Amino acid sequence: MDKKKLAAAISAVFACIKTSEEAAAYSVSGAYGSVPETCAQQPQIMQPNNIWGISGRQTHMQANSMIQLRMFK
């Protein structure tokens, strides 16, 4: 009975490894355009458009939080 359990565990590990390798190969091939266009596209990471605007907003938020904490008297 122990040999059957061991064989089942080993085959489960190999199946898991094979699945992850196939997923990695699929994602790499998708980066080079060999995957058909009908497949769902992976979400793109959005980059900030205006760094100066983000910096200004951050400064205003920091000033507001300092006022709320009554840092200025």
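For the structure, check the block above.
Residues numbered from 1 in each chain as written. Predicted model: local features only at pLDDT ≥ 70, side-chain atom pairs only at ≥ 80, totals over all residues. Heavy atoms only, no water.

A. Main features of the overall build of the chain. Of the regular secondary structure elements, the chain holds two helices and zero strands. Relative to its full complement of 73 residues, the chain shows a buried share of 1%. Looking at the chain as shown, the accessible area adds up to about 7,400 Å², and 63% of this sits on carbon and sulfur atoms. (Helix = DSSP H or I, 4+ residues; strand = E, 2+ residues; numbered from the N terminus. Buried < 20%, exposed > 50% of the residue type's maximum accessible area, 1.4 Å probe, protein only. Areas by Shrake-Rupley, 256 points an atom, 1.4 Å probe, with all protein chains shown as cover.)

B. Summary view of helix H2 (residues 51-68). When the terminal C-alpha atoms of H2 are compared, their 26 Å separation across 18 residues agrees well with the 26 Å that a helix rising 1.5 Å per residue should span. Sitting at the amino-terminal end of H2 is Asn50, which places a side-chain oxygen 3.3 Å from the backbone nitrogen of Trp52. (Expected span 1.5 Å × (residues − 1). Polar contact = N/O pair within 3.5 Å; in protein donor to acceptor, adjacent residues only side chain to side chain.)

C. Looking closely at a nonpolar patch on the surface. Together, Leu6, Ile10, Val13, Phe14 and Ile17 line one region of the surface with nonpolar side chains, adding up to about 480 Å² of accessible area. Along the chain, the position of Leu6 falls in helix H1 (residues 2-31). A relative accessible area of 53% means that Leu6 is categorised as exposed. (Patch = residues over 30% accessible without salt bridge, like charges linked within 9 Å, V, L, I, M, F, W, Y side chains within 5 Å. Salt bridge = Lys/Arg side-chain N within 4 Å of Asp/Glu carboxyl O.)

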